[in-house]
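# Structure assessment
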There are 2 protein chains.
Amino acid sequence: MAGQAHGVKGEAEARPHVVIVGGGFGGIQAAKGLAGSRVRVTLVDRRNHHVFQPLLYQVATAALNPANIASPIRRILRGVGNVEVLLGEVESVDVAGKVLRLDDGEIRYDYLILATGATHSYFGHDGWAADAPGLKSIEDALEIRRRVLLAFEAAELEADPRRRREWTTFVVVGGGPTGVELAGALAEIARHDLVHEFHKFNPARSRVILLEAGPRVLPTYTEDLSAKAKTQLEGLGVDVRVDTKVIGVEADGVTTEQGAIAARTVLWGAGVQGSPLARTLGVPLDRSGRVVVGPDLTIPGAPEVFVIGDLAAVEQGGKPVPGVAPAAMQGGKYAAKAILATLAGRRRKPFRYVDKGSLATIGRAAAVGEIGKLHLSGFVAWAAWCLIHVFFLIDFRSRVLVMLEWGWLYLFHDRGSRLITGPVEDILERNPEPGRPRPAPVQVEG
Amino acid sequence: MAGQAHGVKGEAEARPHVVIVGGGFGGIQAAKGLAGSRVRVTLVDRRNHHVFQPLLYQVATAALNPANIASPIRRILRGVGNVEVLLGEVESVDVAGKVLRLDDGEIRYDYLILATGATHSYFGHDGWAADAPGLKSIEDALEIRRRVLLAFEAAELEADPRRRREWTTFVVVGGGPTGVELAGALAEIARHDLVHEFHKFNPARSRVILLEAGPRVLPTYTEDLSAKAKTQLEGLGVDVRVDTKVIGVEADGVTTEQGAIAARTVLWGAGVQGSPLARTLGVPLDRSGRVVVGPDLTIPGAPEVFVIGDLAAVEQGGKPVPGVAPAAMQGGKYAAKAILATLAGRRRKPFRYVDKGSLATIGRAAAVGEIGKLHLSGFVAWAAWCLIHVFFLIDFRSRVLVMLEWGWLYLFHDRGSRLITGPVEDILERNPEPGRPRPAPVQVEG
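These figures come from a predicted structure and were not determined experimentally.

Looking only at helices and strands, chain A features 14 helices and 27 strands. For chain A, whose C-alpha radius of gyration is 23 Å, the value lies close to the compact-globule estimate of 22 Å for 446 residues. Each of the three principal axes of chain A carries a C-alpha extent, and together these read 80 × 55 × 40 Å. Burial status across chain A gives 57% buried among its 446 residues. Put simply, 66% of the contacts in chain A that link residues at least 6 apart link residues at least 24 apart. Total accessible area computed for chain A in this model is approximately 17,900 Å², and 54% of it derives from carbon and sulfur atoms. Side chains of chain A give 52 positive and 49 negative charges; the mean places of these two sets differ by 6 Å.

Put into structure tokens, the structure is as follows:
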């Protein structure tokens, strides 16, 4: 074994070493683009799995299992001889030294592809995070699922009507795609999926409030589609409030410029910022902490350092390339090609993002989308969304299982993954007084 | 709402109140047995879901999703008008006062069915728990899955061959059904399911060691089946060591009476004890902390307090009724009938456990079983095991999904749920020195 490893090493040493940080859409496509080529590739991620982020809200709302939308990066790249996968957290990049510093070691590179994506932004109010979790990872999704399901359990335990109302009020902050998806799914859970399961209250009378600081939901879509999305959300029972800026978040509700809303469950879909690793590059970032890259997606002064996907700030025709999965995938493919071109002595062509359209789902048979000049909404948009999202799932098994889960949910309003795992006490007892729930039987029996 | 609740309350007050603690096999059957009767039922569990425990080891070994084998108790009992489900932790029973004390309230009962099951026993060495997790809940299963998958990741990061050997050595303590299942599944993961995914070592050369203090594995089975189980385990590559008592467990291995075994992953399947709630009853317990009940499964001096399932110590024909799912289910049905008989003024017949046989699975196409006088092993026993376990899953959707997952695993050796969620650092850095793994590229590149 040792001898063999050394043999491989000797041969491998001669090859340029490409390090990819991040196993999301961009990182995986970059690795695939370099598979079988004459470079040696190391993909580093702090998690062992790739996540199909567009369906993450479905894990958060108990429709899908984590494993339905996540796949081990190792398995995705299994059998690719020149790509190694390492579990590790990169803490900083030494651009001058061409070295990545990990928490317990370092990795040298000849080419670097940074694809660590974005994280939540609370616009300077990081203290809000504890009371308004965002949605970026499987862990985030499970935390949101736990809070949502526990809120209904707490409502069943609560005898005081006012406090019960707080448990059955859900506030989603941010009217972008994530906020819209979460609000729509929450409304469906409350209105349809929990019927006949609670004795002390009617879950269908829960409130779901979507707060958007700007004048319309889905602001990156055209105005007609924003209006349709709002109508469809309201049809599902969501209370959509635009021009409503949140100025405070507490365990028992949010404060907006228009007043306070008492709610025990607040979810955050309002802002994103570039992953903190960007700050260690020593190059200019935009206001959202994303790395401003050139036409070949590299940073100023270091043509061997690529930044792709949500972490990159790149403009095309005067408009920013959006932080969506297709842009990340195209960036990954581009970076792989650009590296191979440089190694072959060819010039790099500039990156060109091809916008194939966008779709945002709202709920059962409700969605909006624009594909070229075509604007879709309602059932047609929703069916297109389902098809495209199933098709792009990373493996065939996931596709089959997700279709089954969706079919079952559509037919029976029965969510497949309504498990509360992890601690129960911290939510139920978050505010010992006055909001602390007590078992209802005490009240009933006096 | 309030008025309606009061109306229901007035009527309900007149009915006897049966409280069931625990939503496992016994508790669910008791609730179903009382559904639609003239009693009012409250089922209390500290988790929101029923777990199909016989398949828990498959979640621990990444073959199934948590949601495949767990179902919200509320959903199972949905629409049953006289059964309420409450999320709560019962801390003690006041038998004289007929009151349950919860962490933040109390519940009065007329009849009580205690079905809280068993927990791990470390035979007085509770300090071993941190380094040798047991398997009783979904959380336990996810923790074991995390440790097993992280061990392979750590091996890939480790340059020192001796330490890598420690990461690829798995010790399972206890040769009962759980230990045998875990050891068999671990051997399959290492030998088949991770092929071509690691570059620095060959997972197939991992060691799985099963330690049993007594003279044979599966000691509740007949000697011929124990021998067959041992042979089948060895065929899968498990190192089975009987007559080997563990006298110490540390983060870097176990110590037996025969010597030390260096291993970074130790799993515990050795012993169980009754849930701590039993101690609050003030009645005699057996050596394993189980409640010694009479022929009608009630405790001495309190014919309204039933104890069923793994928490009950009951003999039949001089032999203890085993702590298995069928016995718990029969106990739950019996308690429901006994309460209804008493309310109807009829005498209770004594509980009678009907042994329909038992099956233990070992691995792919490997199992043993005894059904009456019939002894099965190998493929036939395994096929019977699969059929019976799929059939008894709580809902139809789970049956379909589990069959799909199993079919896929059988055909492609591809485990569906290989996600590492939760903290990564604590395992990888559990022993900073000398066992701390470092990213291999540092070593490779000097």
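Between chain A and chain B, the contact holds 79 residues from the first and 79 residues from the second. Both faces considered, chain A and chain B share a buried interface measuring about 6,600 Å² in area, 55% of it formed by carbon and sulfur atoms. As a salt-bridge pair, D414(A) and R75(B) come within 2.6 Å of each other at their nearest N and O atoms. There are 22 residue pairs in polar contact (both at pLDDT 80 or more) connecting chain A and chain B. Taken together, the residues of the side of chain A that touches chain B break down into 32 nonpolar, 17 polar and 30 charged.

Each pair of packed helices can be described by the angle between their axes along with the distance between the axes. Between helix α12 (residues 396-412) of chain A and helix α12 (residues 396-412) of chain B, the shortest axis-to-axis distance is 12 Å and the interhelical angle comes to 175°. When the axis of α12(A) is compared with that of α12(B), the two are roughly antiparallel. Across the interface between the two elements, F396(A), R397(A), V400(A), L401(A), L404(A), E405(A) and W408(A) of α12(A) pack against F396(B), R397(B), V400(B), L401(B), L404(B), E405(B) and W408(B) of α12(B). A class-by-class count of the residues in the contact of α12(A) with α12(B) yields 10 nonpolar, no polar and four charged.

Next up on the list: helix α2 (residues 25-34) of chain A. All names here are of chain A. By the criterion of burial, α2 is predominantly enclosed, with eight of the 10 residues buried. If you check which residues of α2 are buried, you get F25, G26, G27, I28, Q29, A30, A31 and L34. Immediately beyond the C-terminal end of α2, within one or two residues, lies G36, with a positive phi of roughly 80°.

The grouping of K333(A), K337(A), R346(A), K349(A) and K356(A) at the surface amounts to a positive patch. Judged by its relative accessible area of 68%, K349(A) is exposed.

A few words on the relation of the copies chain A and chain B. A rotation about an axis combined with a shift along that same axis relates the two copies of the chain. Rotating chain A by 180° and moving it 0.0 Å along the rotation axis overlays it on chain B with an RMSD of 0.0 Å. Classification of the inter-copy transformation places it as that of a two-fold axis. A shared binding surface is used by both copies, with 100% of the interface residues of chain A retained as interface residues in chain B.

The next subject is the pairing of strand β17 (residues 265-268) of chain B. Residue and element names in this part refer to chain B. With burial as the criterion, each face of β17 is covered, one bearing T265 and L267 and the other bearing V266 and W268. Relative to β17, strand β11 (residues 169-173) runs parallel, the two being bridged by four bridges. The residue bridging V172 from the neighbouring strand is L267, located in β17.

In this structure the tally under the stated criterion is 42 salt bridges over all chains. Put simply, E197(A) and R418(A) hold a salt bridge, and the shortest N to O gap is 2.6 Å. You can see E197(A) sitting in the loop between α8 (177-193) and β12 (207-211) and its partner R418(A) sitting in the loop between α12 and α13 (425-428), a full 221 residues away along the chain. For the pair E197(A) and R418(A), a shared accessibility class is recorded, and that class is buried. Among the salt bridges present, the one from E84(B) reaches K200(A), with a minimum N-O distance of 3.0 Å. Placement of the pair is E84(B) in strand β5 (residues 83-87) and K200(A) in the loop between α8 and β12, with the two residues belonging to separate chains. The residues E84(B) and K200(A) share a single accessibility class, namely buried. Beyond isolated ion pairs, a larger network of salt bridges with shared partners links R78(A), E197(B) and R418(B).

Definitions and limits used
Within each chain, residues carry numbers counting from 1 in the order of the written sequence. Each chain gets a letter, beginning with A, and each ligand a number, beginning with 1, in the order they are written. Note on the predicted model: pLDDT of at least 70 is required for a residue's local features to be given, and 80 or more for side-chain atom pairs to be given and counted; whole-chain, interface and lining totals, by contrast, use all residues. Side-chain descriptors were evaluated using all non-hydrogen atoms of the structure, hydrogens and water having been removed beforehand. Secondary structure is summarised from DSSP: a helix means a run of H or I of at least four residues, a strand means a run of E of at least two, and numbering begins at the N terminus for each. The globule rule is 2.2 Å times the number of residues to the power 0.38, and the radius of gyration it is compared with is taken over C-alpha atoms. The classification of residues rests on relative accessible area computed with a 1.4 Å probe and restricted to protein chains. Under 20% of the type maximum is buried, over 50% is exposed, and intermediate values are partly exposed. Only heavy atoms matter for contacts: two residues are in contact if any of them lie within 4.5 Å across the pair. Only the protein chains shown count as covering a residue, and every accessible area follows the Shrake-Rupley method with a 1.4 Å probe. All tallies of charge rest on Lys and Arg as positive and Asp and Glu as negative; His and the ends of each chain are not included. Taken as the charge location is NZ of Lys, CZ of Arg, CG of Asp or CD of Glu. What counts as buried area is the accessible surface, traced by a 1.4 Å probe, that two parts surrender upon association, with contributions from both included. Basic side-chain nitrogens of Lys or Arg form a salt bridge, by our definition, when they fall within 4 Å of a carboxyl oxygen of Asp or Glu. The term polar contact refers here to a pair of N or O atoms within 3.5 Å; inside protein, the definition further demands a hydrogen-donor-capable atom paired with an acceptor-capable atom, and it admits residues adjacent in sequence only when both atoms are side-chain atoms. In this classification, Asp, Glu, Lys and Arg are treated as charged, Ala, Val, Leu, Ile, Met, Phe, Trp, Tyr, Cys and Pro as nonpolar, and every other residue, Gly included, as polar. An axis is simply a line fitted to the C-alpha atoms; with a helix, the fit covers only the stretch in contact. Between two such axes, the angle follows the N-to-C directions and lies from 0 to 180 degrees. Under this scheme an angle from 65 to 115 degrees is roughly perpendicular, one under 35 degrees roughly parallel, and one over 145 degrees roughly antiparallel; angles in between are oblique. Patch membership requires more than 30% relative accessible area and the absence of a salt bridge. Residues of like charge join within 9 Å; the nonpolar side chains Val, Leu, Ile, Met, Phe, Trp and Tyr join within 5 Å. The copies were overlaid by least squares, fitting only the C-alpha atoms of residues that reach a pLDDT of 70 or more in each copy. Strand pairing follows a simple DSSP-based rule, namely that at least 2 bridges must link the two strands.

By themselves these figures say nothing about function.
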